[in-house]
Amino acid sequence: MPHHLSDADLDGDAPLVAARDTLDAFRAWSGAHPEEVAAHVYRWTAHLPEPSDRHRLQALIRHRPDSEAARAAEATRLRREALRRHALSLGEVPSSDLLDRIVADPRRRPPSSSTAPVDAVDTALERIRAHAVLRRVPASGLLRERITRLYAALPEEALAGGAMDRAARTIGRVLAIGSHDTLDADPEATAAHLGRVVHGAYALAVAQAVVDLPAYERNDAHHRLLPHLLSEIEPVPPAGVPDDPLAEELHAAHVLLLTGFPFAEHRLLYRATEVMYLARARAERRTRAEALRDGGETLLVDAMVETGAGGIAATLVGRRAGPGGPVHRHLVMALATRLRHDLLNRARDAVTGRLTPFTLAPRDLDGDPLHDLFAAEAYMVATVFGGDPETADALAHHGSARLVAHLARDRFRIEEWLQAHRPTPEIEGFLRSAARIAHRRSGLALAAPAPSRARPSAATDPRTFAADRSGFVDTALTRYASGNDARGPRGVPSRSPGGPEGPLRPALTLMLAEGAAMDPAPLAPLVAAVELFHTGSLALDERFSHLTGIALISSGYALMARMADDHPEERVIRAITRVGVLLGPERLCRGRHLDRVPARGGEPADPSGFLEVYALTTSTEIEVALIPAAILLGLPDHEIDLLTSYAHHAGIVLRVRSELLADSDGARSALVGAHGRATAARTLAAHRDLAEAALDGLALDTGLLRGVLDHFATRRR
């Protein structure tokens, strides 16, 4: 009899050993039971959705919903889908009576939406309801707030790769487990359990989003933070969280998880999530040559461990009690699930360079992933679901429909698959039949999926925007400031300190272009110049020599002349003149001098003296990033004046917030020390309002600039 899940199953190399044993057992079973694999492929073929039949059934249900045939068809669909979801959620076959109760319970059936989702967050919530099969998702207000934050924090690359859809699937999957686990509970107990599950489900979704991030340098902070959080009994103090929106959301999710699932009582949950992360981290580091060294077996083992550990974590969050079943069961289900997902995501994985059994050449693999896809589901039916024919039919019906929908967008892949793989006659017959059906699907089905909409500026965290555009800044520096792109004069980096979110000053220039719906490419020399100006201004501080600062600023001036290649001469002259005033002796240079006066024993007598210093330094740097760009983009004078006002007040907000944070940390804070925290807080609020008022008068999209202002006013460090 298989043992139940325990701490020992997830300690050390135990998950890898269990996955290898499971894979070996699957290979042995598949080789010994070809007739069962063939029979399951025939099930897939029998459930191929003929377009004429599908359209006839849809028309019947739509136009004659009360007819006996329509009711019978809908009851069959609901029962089959309820069976599939219950089996995959709990790893067990429900009784016939239980299935009847599920189908009859209106709470466990999402209502058909009469309106299309208006944005990505609405789309995610709809998908959560669909995956969870719930009419009402508990704690929907909290969930909407958190998903909105996650959407704003995720890198563009992650959104393009389907991160929001995976987050919705993860949350919906955990809620489905909780929903099916409470079929015998009263409504109050069910609501209480699902309300608790929502917190854990969202935490797992954020952890999954971080696990999926490529191992790039910009993601180092996230990849360092996640395993640290998973070993902490208490929440990490906010001061220990990087100044990065996704890191902050990961920390908030960890607090939610600890609240509903205390570490001491749920160590297995945290360990399962850590195992999932470690398996994905190994996969990210693996090269193609390493993946092929053993015929792709280690690659598949890590994929099983990652998916299986994620399933274990989901089960431990979703179920009210119990150890979550034997580990072998989770790994068998992980194998079947992962192969299907890898096939459907093959094109996207090939573009991103992700190594899976379907992005490697089949001739280099020990097994054939196309055969394994069908065989793994047959193995799952035989070993997890006891060979139950109704469950096998439900799984085959769903899998067949998914694959046909996929082939309708990429039906020409069939011949490529047949040539590359070694399909059995049954699999080849299924694929050719599926391709014919996909071909007969008309217009809409054959069309490519609608491209995902770009994230609106108002829904983007400005730090995420800066990080997403850091590549543009790097390219601009390399092209236009090649003498400074590695090390500047006297070994000073030409890039300003930026942290995970990237340098924010040049990003302000790009935010303005984004808000004005202008192509940022012609502003590339200015972007490089703004970064040199900012780094040079930092060098004017006591940390570096003044000569270094002057050299960097001079390099930025030289780049301004390059703007004449793409902009009218009069605009370029006006922009250079404005920069000269801003960086000259009456603005930034004077501000830097006054900024050092308090350190030498002198302080302004009233708050206005401090605000003058802030305006001459921080506000000037923001103005340098915005106003030359506004001039070059041809914005009208009254909008340039409003942007100047915004820069003035936003700079003061940034510096006052810095003073408040410094005072909280016990450091010497000039404004707070001289006039108190209450005065500083009132000053910040007043200038924040004035900056908002300036943005209100602009005709362009100000979402990103408002986000920057919010960040300046509320940042934690």
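Cut-offs and rules
- Every chain is numbered independently, its residues counted from 1 as its sequence is written.
- Selection of residues for local features in this predicted model requires a pLDDT of at least 70, selection of side-chain atom pairs for listing and counting requires 80 or more, and totals for whole chains, interfaces and linings are taken over all residues.
- Hydrogens are left out, water is left out, and the side-chain values use all remaining heavy atoms of the structure.
- Numbering of helices and strands runs from the N terminus, with a helix taken as a DSSP run of H or I at least four residues long and a strand as a DSSP run of E at least two residues long.
- Partly exposed describes any residue whose relative accessible area lies between the buried limit of under 20% and the exposed limit of over 50%, with all areas from a 1.4 Å probe on protein chains only and scaled to the type maximum.
- What sets the accessible areas is the Shrake-Rupley method with a 1.4 Å probe; for residues, cover comes only from the shown protein chains.
- In a helix, the anticipated span is given by 1.5 Å times the number of residues less one.
- In this scheme, the bend at a residue equals the angle between the axes fitted to the seven residues that finish there and the seven that begin there.
- Orientation is described by lines fitted to C-alpha atoms, with helices fitted over the stretch in contact, and by angles between N-to-C directions that extend from 0 to 180 degrees.
- An angle below 35 degrees is read as roughly parallel, one above 145 as roughly antiparallel, one from 65 to 115 as roughly perpendicular, and any other as oblique.
- Crossing chirality is assigned from the near helix's rotation relative to the far helix, an anticlockwise turn below a right angle marking it left-handed and a clockwise turn marking it right-handed.
- Whether two residues are in contact is decided by their heavy atoms, any of which lying within 4.5 Å being enough.
- In this count, Pro and Cys sit with the nonpolar residues alongside Ala, Val, Leu, Ile, Met, Phe, Trp and Tyr, while Asp, Glu, Lys and Arg are called charged and the others, Gly among them, polar.
- Here a Phe, Tyr or Trp ring, Trp counted by its six-membered ring, pairs with any other such ring whose centre lies within 6.5 Å, and the pair is stacked when the planes are under 30 degrees apart, edge-to-face when over 60, and tilted otherwise.
- Joining through side-chain atoms within 4.5 Å is the link that ties buried Ala, Val, Leu, Ile, Met, Phe, Trp, Tyr and Cys residues into a set, and such a set is a nonpolar core.
- The salt bridge criterion pairs a side-chain nitrogen of Lys or Arg with a carboxyl oxygen of Asp or Glu, the two atoms within 4 Å.

**Student:** Would you take a moment to explain the overall build of the protein for this structure?
**Tutor:** The helix and strand tally for the protein stands at 34 helices and zero strands. Looking at the 717 residues of the protein, the share that counts as buried comes to 53%. Total accessible area computed for the protein in this model is approximately 30,700 Å², and 54% of it derives from carbon and sulfur atoms.

**Student:** For this particular structure, what's the right way to read helix α30 (residues 607–632)?
**Tutor:** Since the α-helix packs 3.6 residues into each turn, any two residues three or four apart lie on the same face. Across its 26 residues, α30 extends 35 Å between first and last C-alpha, which sits within 8% of the 38 Å expected from 1.5 Å per residue. At Thr-620, α30 shows its strongest bend, of approximately 35°. Summarising burial for α30: 23 of the 26 residues are buried, a large majority. Residue Gly-634 follows α30 closely and has a positive phi angle near 80°.

**Student:** Looking at this model, I keep getting lost on the environment of Pro-49. Mind explaining?
**Tutor:** By the secondary structure assignment, Pro-49 is in the loop between α2 (34–46) and α3 (51–63). Residue classification places Pro-49 among the buried residues on the basis of a relative accessible area of 15%. Expressed as a C-alpha distance, the spacing of Pro-49 and Val-404, which sit 355 residues apart in the sequence, is 7.9 Å.

**Student:** I would appreciate a short explanation of the packing of helix α13 (residues 267–285) against helix α15 (residues 297–318) in the present structure.
**Tutor:** Pairs of packed helices are described in terms of their axes, by the angle between the two and the distance that separates them. Running from N to C, α13 and α15 cross one another at 155°; their axes reach a closest spacing of 8 Å. Looking at the two axes, α13 sits roughly antiparallel to α15. Where α13 crosses over α15, the two elements pack in a sense that is left-handed. Every residue of α15 that contacts α13 at Leu-268, Leu-269, Ala-272, Thr-273, Val-275, Met-276, Ala-279, Arg-280 and Arg-282 is listed here: Asp-302, Val-305, Glu-306, Ala-309, Gly-310, Ile-312, Ala-313, Leu-316 and Val-317. Of the residues contributing to the contact of α13 with α15, the split by class is 12 nonpolar, two polar and four charged.

**Student:** Mind showing me how you'd approach the side chain of Asp-302 here?
**Tutor:** Relative to the helices and strands, Asp-302 resides in helix α15. Once residues within four sequence positions are removed from consideration, Asp-302 is found in contact with Leu-16, Ala-279, Arg-282 and Arg-286.

**Student:** Explanation requested: the packing of aromatic side chains in the structure shown.
**Tutor:** The description of two aromatic rings rests on the distance between their centres and on the angle between their planes. All chains considered together, the criterion is met by seven aromatic pairs. Between Trp-29 and Tyr-379, the ring centres sit 5.4 Å apart and the planes meet at 50°, which makes this aromatic pair tilted. A residue pair is termed long-range when its members are at least 10 positions apart, and Trp-29 in helix α1 (residues 14–32) and Tyr-379 in helix α18 (residues 369–383) qualify at 350 residues. Assigned by exposure class, Trp-29 and Tyr-379 land together as buried. For the pair Phe-374 and Phe-430, a centre-to-centre distance of 5.7 Å together with 75° between the ring planes defines the contact as edge-to-face. Here Phe-374 is found in helix α18, whereas its partner Phe-430 is found in helix α21 (residues 425–440), with 56 residues between them in sequence. Accessibility classification places Phe-374 together with Phe-430 in one group, the buried group.

**Student:** What exactly am I supposed to notice about the nonpolar core here?
**Tutor:** In globular proteins that are soluble, nonpolar side chains generally tend to be buried together. Ile-147 and Leu-175 are the most contacted members of the largest nonpolar core, which has 122 residues in total. The greatest single-element share of this core, amounting to 13 residues, is contributed by helix α10 (residues 187–212). Among all residues touching Leu-175, those that are not within four sequence positions of it are Ile-128, Ala-132, Leu-134, Val-137, Pro-138, Leu-194, Val-197 and Val-198.

**Student:** How should the packing of helix α7 (residues 140–153) against helix α9 (residues 163–181) be read in this particular structure?
**Tutor:** Two numbers describe how α7 lies on α9: the axes approach to 11 Å, and their chain directions differ by 150°. In terms of their interaxial angle, α7 and α9 are classed as roughly antiparallel. Classified by chirality, the crossing of α9 by α7 is right-handed. Here Leu-143, Ile-147, Leu-150 and Tyr-151 of α7 lie close against α9, whose contacting residues are Met-164, Ala-167 and Ile-171.

**Student:** So what exactly am I meant to see when it comes to the pattern of salt bridges here?
**Tutor:** When the charged atoms of two side chains with opposite charge come close together, those side chains can pair. Inspection of the entire model under this criterion finds 44 salt bridges. Asp-184 serves as the salt-bridge partner of Arg-320, at 2.9 Å between the closest nitrogen and oxygen. Of this pair, Arg-320 sits in the loop between α15 and α16 (327–344) while Asp-184 is found in the loop between α9 and α10, placing the two residues 136 residues apart along the sequence. Among the residues examined, Arg-320 registers a relative accessible area of 40% and is labelled partly exposed. With its nearest N and O atoms 2.7 Å apart, the salt bridge here joins Asp-710 to Arg-688. Of the two residues, Asp-710 sits in helix α34 (residues 703–714) while Arg-688 sits in helix α33 (residues 677–696), which places them 22 residues apart along the sequence. Taking relative accessible area as the criterion, Asp-710 reaches 30% and is therefore assigned partly exposed. The structure contains a network of salt bridges with shared partners spanning Arg-166, Asp-212, Arg-280, Glu-284, Glu-306, Arg-338 and Asp-342.

**Student:** I'm lost on unusual backbone geometry in this one. Help?
**Tutor:** With glycine set apart, most residues show a phi of negative sign, and most peptide bonds adopt trans. You will see that Ala-139, though not glycine, has its phi angle at about 50°, which is positive. Relative to the helices and strands, Ala-139 is located in the loop between α6 (120–132) and α7. With a phi close to 60°, Ala-517 is a non-glycine residue in the positive phi region.

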